[in-house]
Amino acid sequence: TLPNGWTVSSAVRQGNGGSVVQFSSSEIREANAHPRIIYWPTTPWENPGSVANDFAKAGPKPTTPAEIDAWLRKRLQGRIEGTAKETNGDNMTKVQGYVSSVINEHHALTVTGSYTRSGKSWGQIITLVYSAKVIATCQLRVPADKLDAIRPSFERLADTIRLP
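Residues numbered from 1 in each chain as written. Predicted model: local features only at pLDDT ≥ 70, side-chain atom pairs only at ≥ 80, totals over all residues. Heavy atoms only, no water.

### Digging into the pairing of strand β6 (residues 120-130)
Going by this rule: For every residue, the accessible area obtained with a 1.4 Å probe (protein chains only) is divided by the maximum for its type, and the residue is called buried under 20%, exposed over 50%, and partly exposed between those limits. Secondary structure is summarised from DSSP: a helix means a run of H or I of at least four residues, a strand means a run of E of at least two, and numbering begins at the N terminus for each. Following DSSP output, two strands are said to pair if at least two bridges run between them.
In terms of burial, β6 is a largely internal element, 9 of the 11 residues being buried. Hairpin connection of strand β5 (residues 106-117) to β6: 2 residues between the antiparallel strands, including Ser118 at a positive phi of 50°. As paired elements, β6 and strand β7 (residues 134-143) share 9 bridges and run antiparallel to each other. Bridge assignment links Ile125 to a residue of β7, and that residue is Leu140. Linking β6 to β7, which pair antiparallel, is a turn of 3 residues.

Written as structure tokens, this is what we have:
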């Protein structure tokens with residue numbers, strides 16, 4: 001169930017087996033924020049040309065809680081470094097911190113940071129939620145001055161993620 005006042009604004013199934021779901025609410029529209037959840041299958045883990053192959057870049061498929069936590073951190077760090085280089089600063093370039101958690105019985109890791117796009121400062125939150133079959137990426141981009149105000153609502157959205 002979505003947080004009160006939230007709706008799905010679009011949902012697209014990708015050719016790689018993943019899905020992108022974008023969300024909206026009056027609070028989100030007023031803040032000019034961009035929340036979405038991307039779901040990716042994790043099998044097969046190593047399959048050239050599939051999104052799951054990107055997962056293998058962060059190491060072998062984790063099985064223990066400690067391996068999952070370490071893998072999530074490595075995956076987020078690689079994503080931050082790689083996208084910053086590819087987009088000339090349009091993605092997170094200044095990491096403010098990582099927080100481990102459990103969302104509906106699945107290990108999760110959240111990173112908060114900021115970046116500059118077209119001379120404007122933006123805040124970003126990315127939460128990865130891991131299951132053996134699916135990984136969910138819950139992501140928010142918002143003007144930096146509105147990040148703290150929108151964070152509680154975004155965290156409620158991340159808490160709705162249900163994975164097999």
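### Observations regarding the pairing of strand β2 (residues 19-24)
Here β2 lies mainly inside the structure; 5 of its 6 residues are buried. Relative to β2, strand β1 (residues 7-13) is paired through 6 bridges, and the arrangement is antiparallel. When the sheet's bridge partners are listed, Arg13 is paired in β2 with Ser19. Hairpin connection of β1 to β2: 5 residues between the antiparallel strands, including Gly17 at a positive phi of 95°.

### Some points on unusual backbone geometry
Of note in this structure, Asn104 is not a glycine but carries a positive phi near 50°. In this structure, Asn104 sits in the loop between β4 (94-103) and β5. The phi angle at Glu105 is positive, at roughly 75°, despite the residue not being glycine. Glu105 gets classed as exposed once you look at its relative accessible area, which sits at 76%.

### A short note on the nonpolar core
Worth spelling out the cut-off: Note on terminology: a nonpolar core comprises buried Ala, Val, Leu, Ile, Met, Phe, Trp, Tyr and Cys residues joined through side-chain atoms within 4.5 Å. It only takes one pair of heavy atoms within 4.5 Å for two residues to be counted as in contact.
If you look at the biggest cluster of nonpolar residues, it comprises 23 residues, and the most contacted ones within it are Ile37, Val129, Cys138, Leu140, Val142, Leu157 and Ile161. Counting only elements with at least two residues in this core, the list comes to β2, α1 (26-31), β6, β7 and α4 (147-158). Residues within four places of Cys138 in sequence aside, it is in contact with Arg36, Ile37, Ile125, Ile126, Thr127, Phe154, Leu157, Ala158 and Ile161. Counting residues in hydrophobic clusters, the runner-up holds 12 residues, among them Ala58, Trp71, Ile126 and Tyr130.

### Looking at the environment of Ala132
Take Ala132: it is sitting in the loop between β6 and β7. Along the sequence, Ala132 and Thr42 sit 90 residues apart, while their C-alpha atoms lie 6.8 Å from each other. Sequence-distant contacts of Ala132, defined by excluding residues within four places in its chain, comprise Thr42, Thr43 and Lys61.

### Focus on the packing of aromatic side chains
Our working rule: Any pair of Phe, Tyr and Trp rings, taking the six-membered ring for Trp, is counted once the centres come within 6.5 Å. Such a pair is stacked with planes under 30 degrees apart, edge-to-face with planes over 60 apart, and tilted for the rest.
Per the stated rule, a full pass over the model turns up 3 aromatic pairs. Arranged with centres 6.5 Å apart and planes meeting at 20°, the rings of Tyr115 and Trp122 form a pair that is stacked. Residue class for Trp122 comes out buried when judged on its relative accessible area of 9%.

### What to know about the confidence of the model for the protein
We count it as follows: Confidence of the predictor at the level of single residues is given by pLDDT, which spans 0 to 100.
When pLDDT is averaged across the protein, the result is 84; 84% of the residues are at 70 or more. Element-level pLDDT for the protein is lowest in helix α2 (residues 51-56), with a mean of 60, against a maximum mean of 95 in β1.

### A short note on the side chain of Thr110
Keep this limit in mind: Here a polar contact is recorded for every N or O atom pair within 3.5 Å, except that within protein the pair must consist of a potential hydrogen donor and a potential acceptor, and residues adjacent in sequence are included only if both atoms are side-chain atoms.
Relative to the helices and strands, Thr110 resides in strand β5. Polar contacts involving the side chain of Thr110 include one to the side chain of Thr127, which spans 2.7 Å. When sequence neighbours within four positions are dropped, the list of residues in contact with Thr110 reads Gly97, Tyr98, Val99, Ile125, Ile126 and Thr127.

### Looking at the environment of Arg36
Along the chain, Arg36 turns up in strand β3 (residues 34-41). Through-space distance from the C-alpha of Arg36 to that of Ala158 is 9.6 Å; in sequence the pair is 122 residues apart. Not counting chain neighbours up to four residues away, the residues in contact with Arg36 comprise Val20, Val21, Gln22, Phe23, Thr137, Cys138 and Gln139.

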